[in-house]
Structure formats: C-alpha cells, structure tokens
Amino acid sequence: QVQLVESGGGLVQAGGSLRLSCAASGSIFSINAMGWYRQAPGKQRVLVALISTGGSSNYADSVKGRFTISRDNAKNMVYLQMNSLKPEDTAVYYCYATVRRDYSAPYYGYWGQGTQVTVSS
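Residues numbered from 1 in each chain as written. Predicted model: local features only at pLDDT ≥ 70, side-chain atom pairs only at ≥ 80, totals over all residues. Heavy atoms only, no water.

Trainee: Give me the lowdown on the pairing of strand β4 (residues 30–39), citing residues and values where you can.
Mentor: Among the 10 residues in β4, 8 count as buried, and that is most of the element. Two strands pair when backbone bridges link them, and β4 and strand β9 (residues 91–100) are joined in this way by 8 bridges, in the antiparallel orientation. Among the inter-strand pairings, S30 is bridged to a residue of β9, identified as R100. Relative to strand β5 (residues 46–51), β4 runs antiparallel, the two sharing 5 bridges. Within the sheet, the bridge partner assigned to R38 lies in β5 and is V46. Counted between consecutive antiparallel strands, the loop separating β4 from β5 contains 6 residues, among which G42 sits at a positive phi close to 75°. (Buried < 20%, exposed > 50% of the residue type's maximum accessible area, 1.4 Å probe, protein only. Helix = DSSP H or I, 4+ residues; strand = E, 2+ residues; numbered from the N terminus. Pairing = 2+ DSSP bridges.)

Structure representation (structure tokens):
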C-alpha cells in the first residue's frame, strides 16, 4: 500500500498565499515524478506542476510565475507554494506520485485524496 496525504488547503482572499504539502508513505522503494493536479467544479482534472527526482519542474501556463513546486526526497514529500492566488485557482488539489514498490516492480501512479483550495474575490 502507498498513501499520499495532502495538507495545507483552505480559504484565502485573492492575492494571498497558501502552501500545500503532500507526504508519501507505505510500501515505497523509490519515487520518480511527483506533482500536483487540480480539479475545479464541473471541469476535468488538470496538471498544475510536476517535479522530477532531480528537481526539474514544469508548470501549467496559468500558474507560471505564481506557483513553485519543490520536494524533499529524503522525506518523500512534495510541496506547492502558491502566491498571488486568483479566484480561478479555486479547485480541489491532488497530489500525485509515481512509485516503485520494490526493485523489480514498475512505477505506478498514485493519488492523494485531495485538498480544497478556495480563493475569494
């Protein structure tokens, strides 16, 4: 079993900041990419940011310059610093990680349960 647990969501005014955290635990041999997706009401889940083991990252155009993804490989954690938040950032944010459970297993993708971020205007 692999669990991803997010924290840090909440209600914030436009222009404010939030920091999301995600901890991966369980039967983990190694983790490859980690990232964040979001899903607004009535819309599909979309990529927000992704980061490799080595620290290379990419972002959705809508969050470039405002959000920063980082990770702590020793702690199996990934973070999302969100600044200059806008009402259109309102969504459920999901943590994602590709995990290998032992040396011979392939990487599988795992999701967290999601954390709500609400930005008021």
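Structure shown, so let's carry the discussion forward.
Trainee: Lay out the packing of aromatic side chains in plain terms, naming residues and giving numbers.
Mentor: One pair of aromatic rings is described through two measures. These are the centre distance and the angle between the planes. By the definition in use, this model includes 4 aromatic pairs. Summarising the aromatic geometry, the rings of Y37 and Y96 are spaced 5.7 Å apart at their centres and angled 70° between planes, so their arrangement reads as edge-to-face. Pair noted here: Y37 is in strand β4 and Y96 is in strand β9, with a separation of 59 residues, a long-range link. The buried category is assigned to Y37, whose relative accessible area is 19%. Summarising the aromatic geometry, the rings of Y94 and W111 are spaced 6.5 Å apart at their centres and angled 90° between planes, so their arrangement reads as edge-to-face. Residue Y94 is located in strand β9, and its partner W111 is located in strand β10 (residues 108–111); the two are separated by 17 residues in the primary sequence. An aromatic cluster of three or more residues is present, and its members are Y37, Y94, Y96 and W111. Between the NZ or CZ atom of R45 and the centre of the ring of W111, over which it lies, the distance is 4.6 Å. (Phe/Tyr/Trp six-rings, centres within 6.5 Å; stacked < 30°, edge-to-face > 60°. Lys NZ or Arg CZ within 6 Å of the ring centre and 35° of its normal.)

Trainee: For unusual backbone geometry, give the residues involved together with the corresponding values.
Mentor: For residues other than glycine, phi is negative in most cases, and the peptide bonds are mostly trans. We note that N76 has phi near 55°; this positive angle belongs to a residue other than glycine. Structurally, the position occupied by N76 is in the loop between β7 (67–72) and β8 (77–82). Residue classification places N76 among the partly exposed residues on the basis of a relative accessible area of 24%. The backbone of S84 shows a phi angle near 50°, a positive value even though the residue is not glycine.

Honestly, that's just the spatial picture; any functional story needs more than this.
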